[in-house]
Structures are given as C-alpha cells and as structure tokens.
Amino acid sequence: QVQLVESGGGLVQAGGSLRLSCAAAGRTVSTYAMGWFRQAPGEERELVAAITWTGGNTYYGDSVKGRFTISKDNAKNSGYLQMNNLKPEDTAVYYCAARPYSLGYTPREYNYWGQGTQVTVSS
C-alpha cells in the first residue's frame with residue numbers, strides 16, 4: 001500500500017505562485033508514475049499534469065501548459081507541482097495520485113490517492 005499526503009495549498013492572489021508537494025509513505029514510489037488532478041465544485045476531476053516513473057516523460061493539460069511544472073524526486077519519495085501565474089480558474093482541490101510506471105490520463109487509471117489540498121486564487 002502507498003499513502004500519499006499533499007501539502008502546500010492555500011490562498012494566493014492572481015499572478016502568484018504555489019508549490020504543492022506529495023509525500024509518499026508505505027513503500028517506495030520510484031517505480032510509480034505520479035499525476036496531479038484537480039476538482040472544482042460541481043466539476044469532474046481533471047488531470048492537470050503527470051510524470052512517468054523515471055521523470056523522462058510528462059503531460060500537461062492545455063489550461064496549465066507553460067505555467068505549471070511537475071517533478072518527482074525518487075530519493076525523497078515525493079512529487080511536486082510548481083504553479084506559477086495562477087488564475088482564479090485554477091481554484092480547486094488538488095490531488096496527487098500514483099500508478100505503476102507509465103502515464104495515466106484518467107482518475108480510474110491511478111491506484112493510490114492523497115486526501116487533497118485546497119488551492120484558492122483570488123482576483
């Protein structure tokens with residue numbers, strides 16, 4: 001079993017930055033791909049960014065390309081999402097998730113989930 005714990009969310013003004021962290025416990029996630037999803041009230045959970053287990057391949061949703069950067073530190077058993085130039089429409093609960101090896105693009109493809117962290121961007 002893998003336990004994932006997100007941190008780093010909060011309230012920020014538009015144009016600001018936040019860095020989300022996802023700490024894994026229970027077993028190493030060095031062979032796991034990681035994804036960051038977000039869900040706003042009344043909306044479906046959407047994939048924001050994902051990274052393969054080696055870090056060699058990444059995916060970004062169109063709405064965050066050029067603003068968000070996903071990374072993974074296998075030595076620290078952690079993943080990160082750097083979010084720059086935040087916009088009010090980025091407001092949501094952000095979840096990290098893990099699955100073996102390759103990228104996944106839908107929530108059902110991920111085996112393990114964190115509890116979520118709230119990101120609120122004020123205009």
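Residues numbered from 1 in each chain as written. Predicted model: local features only at pLDDT ≥ 70, side-chain atom pairs only at ≥ 80, totals over all residues. Heavy atoms only, no water.

A. Representation of the packing of aromatic side chains. By the definition in use, this model includes 7 aromatic pairs. On the numbers, 5.0 Å between centres and 50° between planes, the contact of Phe37 with Trp113 is tilted. Linking Phe37 in strand S4 (residues 32-39) with Trp113 in strand S10 (residues 112-113), this pair joins segments that are 76 residues apart in sequence. Judged by relative accessible area, Phe37 falls into the buried class, the value being 0%. On the accessibility criterion, Trp113 (25% relative accessible area) is partly exposed. Seen from their ring centres, Trp53 and Tyr101 are 5.6 Å apart, and the 85° between their planes marks the pair as edge-to-face. (Phe/Tyr/Trp six-rings, centres within 6.5 Å; stacked < 30°, edge-to-face > 60°. Helix = DSSP H or I, 4+ residues; strand = E, 2+ residues; numbered from the N terminus. Buried < 20%, exposed > 50% of the residue type's maximum accessible area, 1.4 Å probe, protein only.)

B. Quick look at the pairing of strand S7 (residues 68-73). Side chains Phe68, Ile70 and Lys72 of S7 all project onto a buried face; the interleaved residues Thr69, Ser71 and Asp73 project onto a face where none is buried. Both S7 and strand S8 (residues 78-83) contribute to a ladder of 6 bridges, which runs antiparallel. Paired with Thr69 across the two strands is Gln82, which belongs to S8. The hairpin formed by S7 and S8 contains 4 residues between the paired strands, and Asn77 there has a positive phi angle of roughly 55°. (Pairing = 2+ DSSP bridges.)

C. Inspection of unusual backbone geometry at higher detail. Positive phi, close to 55°, is recorded for Asn77, a residue that is not glycine. Inspection of the secondary structure assignment puts Asn77 in the loop between S7 and S8. Of the residues examined, Asn77 reaches a relative accessible area of 15% and is grouped as buried. Here the phi dihedral of Asn85 falls at roughly 50°; this positive angle occurs in a residue that is not glycine. Examined against the element boundaries, Asn85 turns out to sit in the loop between S8 and strand S9 (92-100).

D. Spotlight on the nonpolar core. Membership of the largest hydrophobic core comes to 28 residues, with the highest contact counts inside it found for Leu4, Phe68, Leu81, Met83 and Tyr94. For this core, the secondary structure elements donating two or more residues are strand S3 (18-25), S4, strand S5 (46-51), S7, S8, S9 and strand S11 (117-122). Look past the residues within four positions of Met83 in its chain and what remains in contact with it is Gly16, Ser17, Leu18, Leu20, Arg67, Phe68, Tyr94 and Val119. (Core = buried A, V, L, I, M, F, W, Y, C linked by side-chain atoms within 4.5 Å. Contact = heavy atoms within 4.5 Å.)

E. Up close: the state of the cysteines. Applying the stated criterion across every chain, the model contains 1 disulfide. Two residues share a disulfide in this structure: Cys22 and Cys96, whose sulfurs sit 2.0 Å from each other. Here the disulfide of Cys22 and Cys96 is right-handed, its torsion about the S-S bond being about 55°. With Cys22 in strand S3 and Cys96 in strand S9, the pair connects residues that are 74 residues apart, well separated along the chain. According to the relative accessible area criterion, Cys22 is buried, its value standing at 1%. With relative accessibility at 0%, the residue Cys96 sits in the buried group. (Disulfide = S-S within 2.5 Å.)

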